[in-house]
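Commentary on secondary and tertiary structure
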Amino acid sequence: MRFAHRVRQFRSSSCLHLRRSELFNDIHGAEIRTRKPPRSKKASTKQPSTHSSSPSSLIDSHVVKCNMAITHHMRSGQWESALRIFNSMTSRTLVSWNSMVSGYLSNGRFEDARELFDKMPTRDLVSWNVMISGYVRNRNLGAARQLFDQMTERDVVSWNAMLSGYAQNGYVEEARRIFDKMPNKNSISWNGLLATYVQNGRIEDAHQLFESYSDWEIISWNCLMGGYVKKKRLMDARDLFDRMIIRDEVSWNTMISGYAQNGELSEAQRLFDESPCRDVFTWTAMVSGYIQNGMLDEARKIFDEMPEKNSVSWNAMIAGYSRHNRMDMASELFEAMPCPNVSSWNTMITGYAQNGDIACARNLFDRMPRRDCISWAAIIAGYAHSGHSEEALRLFLEMGRDGERLNRSTFTCVLTICADIAALELGMQVHGRLVKAGYETGCYVGNSLLAMYCKCGSIDEAYDVFEGISKDIVSWNIMIYGYARHGFGKEALEIFELMKIMGIKPDDVTMVSYSFLFTYFVIFLHNIEFN
């Protein structure tokens, strides 16, 4: 089991995000609270009325029914039907307005929600909180904060909405400032800030916060323990695990997977044997741990003993065989898998391609009931690595015609092929497509694009790419070598000096390029002297 799965579980269980259903419940809870309680019945000598209810009660009943209908339509995504009901109402309550605003937001109609919010004759706390939460979901924190500051009265929901907004967007310090200013905090507030620290790698801050409060829920213990595991602080994670009075499956799985992923398989196995609540994730964590440490026979033993398996379990075992060149065993499992998913097919295609059996990889690719961008990237990379550049490029073009989304791996692979065969024109076409896809400035794809232009001799275009991408040591090395290879010694030295000024430490590849450049200058000076 991977830690990321449990982080996602924590995010969904914690209250960093205001759930839409809670907003609807708040809205209709407000309506119930505002309705007058029935008068106490007193003895009367008057004859009973021939009318069952007064006109005012009929109107109130009609409004409530309309409000419920609005909520129902909004939850079903039928915002136009909800709007027709709202417009037909001769009498509206705050709940009517709040239901419409909340419904618009839940259906992604942010502008309509804001327009209606601005038209509200009166607003209550629910109105403000719903709109602030809408801005937060729309990642417009400036507008959310502006509304928050305008509020004359706030409750814990208002504060938590802002805390959630800053947390979701990585503004850890702002989230902490909101937390410190809160007049009242609930478990959502504490869990939200703790999760923010953990998700942003601020483990020491998370630890200090955790120790400053005592009434933590089990999900918070698991969150911090998972943060320790992610940072490979297994002793701290184990200390927290041992302090837990109550543990659930997540607690055991987090600790077992932490030990397994870091090679401490004997301790992982001991905890696995002690665990009172093993689920499919517990078993899969052990299988993955043995596979990561190259112990395939032990992994297979655990796999065969599993009382139930899911696609993750099957794919982990298949991938283990594939990575260790045991494609016969991988194929046997794949054929025995009850319902292979697209990830299963991709794992097999990648395995065959990496082991040089491009024919089997292509056979599986052609048999796939459904493909995704990873399927295409795997088969294209397989052809490229086996020296079939033309077929790789043909598949790339076919992928585009099929409307499949091109991912970073596909762009990188195709640009590498263009560089190897000096296909500058095609490389420039690929450049145009990756700009449209928004990958141009990324380091991963950018380095492949940079290398393609350098190898094809288009140094000016290469430098333009170099200036626009997020750079790592590979980017600098490619640019230095590109200049040196094409005889631009002065420019190569300038890039090398700039690299040092920027605080980038040269590596072995840099020094090889520098030696190449030095040799070039020696030959150049020798030729001048000879002439």
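Reading the values: rules and limits
- Residues numbered from 1 in each chain as written.
- Predicted model: local features only at pLDDT ≥ 70, side-chain atom pairs only at ≥ 80, totals over all residues.
- Heavy atoms only, no water.
- Salt bridge = Lys/Arg side-chain N within 4 Å of Asp/Glu carboxyl O.
- Buried < 20%, exposed > 50% of the residue type's maximum accessible area, 1.4 Å probe, protein only.
- Helix = DSSP H or I, 4+ residues; strand = E, 2+ residues; numbered from the N terminus.
- Core = buried A, V, L, I, M, F, W, Y, C linked by side-chain atoms within 4.5 Å.
- Contact = heavy atoms within 4.5 Å.
- Arc of directions from axis to C-beta.
- Phe/Tyr/Trp six-rings, centres within 6.5 Å; stacked < 30°, edge-to-face > 60°.
- Axes fitted to C-alpha atoms, helices over the stretch in contact; angles between N-to-C directions.
- Parallel < 35°, antiparallel > 145°, perpendicular 65-115°, else oblique.
- Left-handed = near helix turned anticlockwise from the far one by under 90°.
- Nonpolar A, V, L, I, M, F, W, Y, C, P; charged D, E, K, R; others polar.
- Patch = residues over 30% accessible without salt bridge, like charges linked within 9 Å, V, L, I, M, F, W, Y side chains within 5 Å.
- Areas by Shrake-Rupley, 256 points an atom, 1.4 Å probe, with all protein chains shown as cover.
- pLDDT = per-residue confidence, 0-100.

1. A word on the pattern of salt bridges
Inspection of the entire model under this criterion finds 25 salt bridges. Of the charged contacts in the structure, one is a salt bridge between aspartate 205 and arginine 202, with a shortest N-O distance of 2.7 Å. The partly exposed category is assigned to arginine 202, whose relative accessible area is 26%. Residue aspartate 366 is joined to arginine 362 by a salt bridge in which the shortest nitrogen-to-oxygen separation is 3.1 Å. Note that aspartate 366 and arginine 362 are positioned in helix H22 (residues 358-367) at a spacing of four residues, about one turn of the helix. Overlapping salt bridges, with partners in common, bring together Arg238, Asp242, Glu267, Arg270 and Glu274 in one network.

2. A few points about the nonpolar core
The biggest cluster of nonpolar side chains holds 154 residues, and the ones touching the most others in it are Val101, Met131, Ile132, Ile379, Ile380 and Met479. With eight residues, helix H23 (residues 373-385) is the single largest residue contributor to this core. Excluding residues that lie within four positions of it along the chain, isoleucine 132 makes contacts with Ala144, Leu147, Phe148, Met151, Ala161 and Met162.

3. Thoughts on helix H18 (residues 296-305)
Of all the positions in H18, only Leu296, Ala299, Arg300, Ile302 and Phe303 are classed as buried. End-on, the buried residues of H18 take up no more than an arc of 160 degrees, which puts them together on one face. Facing away from the buried side of H18 by over 90 degrees, the exposed positions are Asp297 and Lys301. Buried residues along H18 sit in contact with helix H16 (265-274), helix H17 (280-292), helix H19 (311-323) and helix H20 (327-336).

4. Some details on the packing of aromatic side chains
Counted by the stated rule, this structure contains 21 aromatic pairs. Aromatic pair phenylalanine 303 and tryptophan 314: ring centres 5.2 Å apart, planes at 85 degrees, arrangement edge-to-face. Separated by 11 residues along the polypeptide, phenylalanine 303 in helix H18 and tryptophan 314 in helix H19 bring together distant segments of the chain. One exposure class covers both phenylalanine 303 and tryptophan 314, and it is buried.

5. Details of the packing of H23 against helix H25 (residues 408-420)
The interhelical angle for the contact between H23 and H25, taken along N-to-C directions, is 20 degrees, at an axis separation of 9 Å. In terms of orientation, H23 lies roughly parallel with respect to H25. The handedness of the crossing between H23 and H25 comes out as left-handed. Contacts from Cys373, Ala377, Ile380, Ala381 and Ala384 in H23 reach Ser409, Thr410, Cys413, Val414 and Ile417 in H25. Here the residues of the contact of H23 with H25 are counted per class, giving eight nonpolar, two polar and no charged.

6. A few points about H20
Within H20 the residues assigned to the buried category are Met327, Ala330, Leu333 and Phe334. Relative to the axis of H20, the buried residues are bounded by an arc of 125 degrees and lie together on one face. Set apart from the buried face of H20 by more than 90 degrees, the exposed residues are Asp328 and Glu335. Where H20 is buried, its residues contact H18, H19, helix H21 (342-354) and H22.

7. Considerations on the side chain of arginine 300
Checked against the element boundaries, arginine 300 lands in helix H18. A relative accessible area of 17% places arginine 300 in the buried class. If sequence neighbours within four positions are ignored, arginine 300 has contacts with Met317, Tyr321, Met329, Glu332 and Leu333.

8. So, a nonpolar patch on the surface
On the surface, Leu498, Ile501 and Met502 cluster together into a nonpolar patch covering about 330 Å² of accessible area. Locating methionine 502 in the fold gives a position in the loop between helix H30 (489-501) and helix H31 (508-530). In this structure methionine 502 comes out as exposed when scored by relative accessible area, which is 55%.

9. Structural notes on the environment of glycine 400
Position of glycine 400 relative to the elements: it lies in helix H24 (residues 389-401). The class of glycine 400 is partly exposed, set by a relative accessible area of 26%. Taking C-alpha positions, glycine 400 is 10.0 Å from arginine 433, a pair spaced 33 residues apart along the chain.

10. Digging into the environment of asparagine 67
Note that asparagine 67 resides in helix H3 (residues 55-75). On the accessibility criterion, asparagine 67 (0% relative accessible area) is buried. Asparagine 67 sits 30 residues away from tryptophan 97 along the chain, and the two C-alpha atoms are 8.9 Å apart.

11. A closer look at the confidence of the model for the chain
Model confidence for the chain is summarised by a mean pLDDT of 84, while 85% of its residues fall at 70 or above. Throughout residues 1-53 the model reports pLDDT below 50, and contacts reaching past four residues in sequence, or to other chains, amount to 77 contacts. Predicted confidence for residues 522-531 stays below pLDDT 50, and this span has zero contacts to residues more than four positions away or in other chains.

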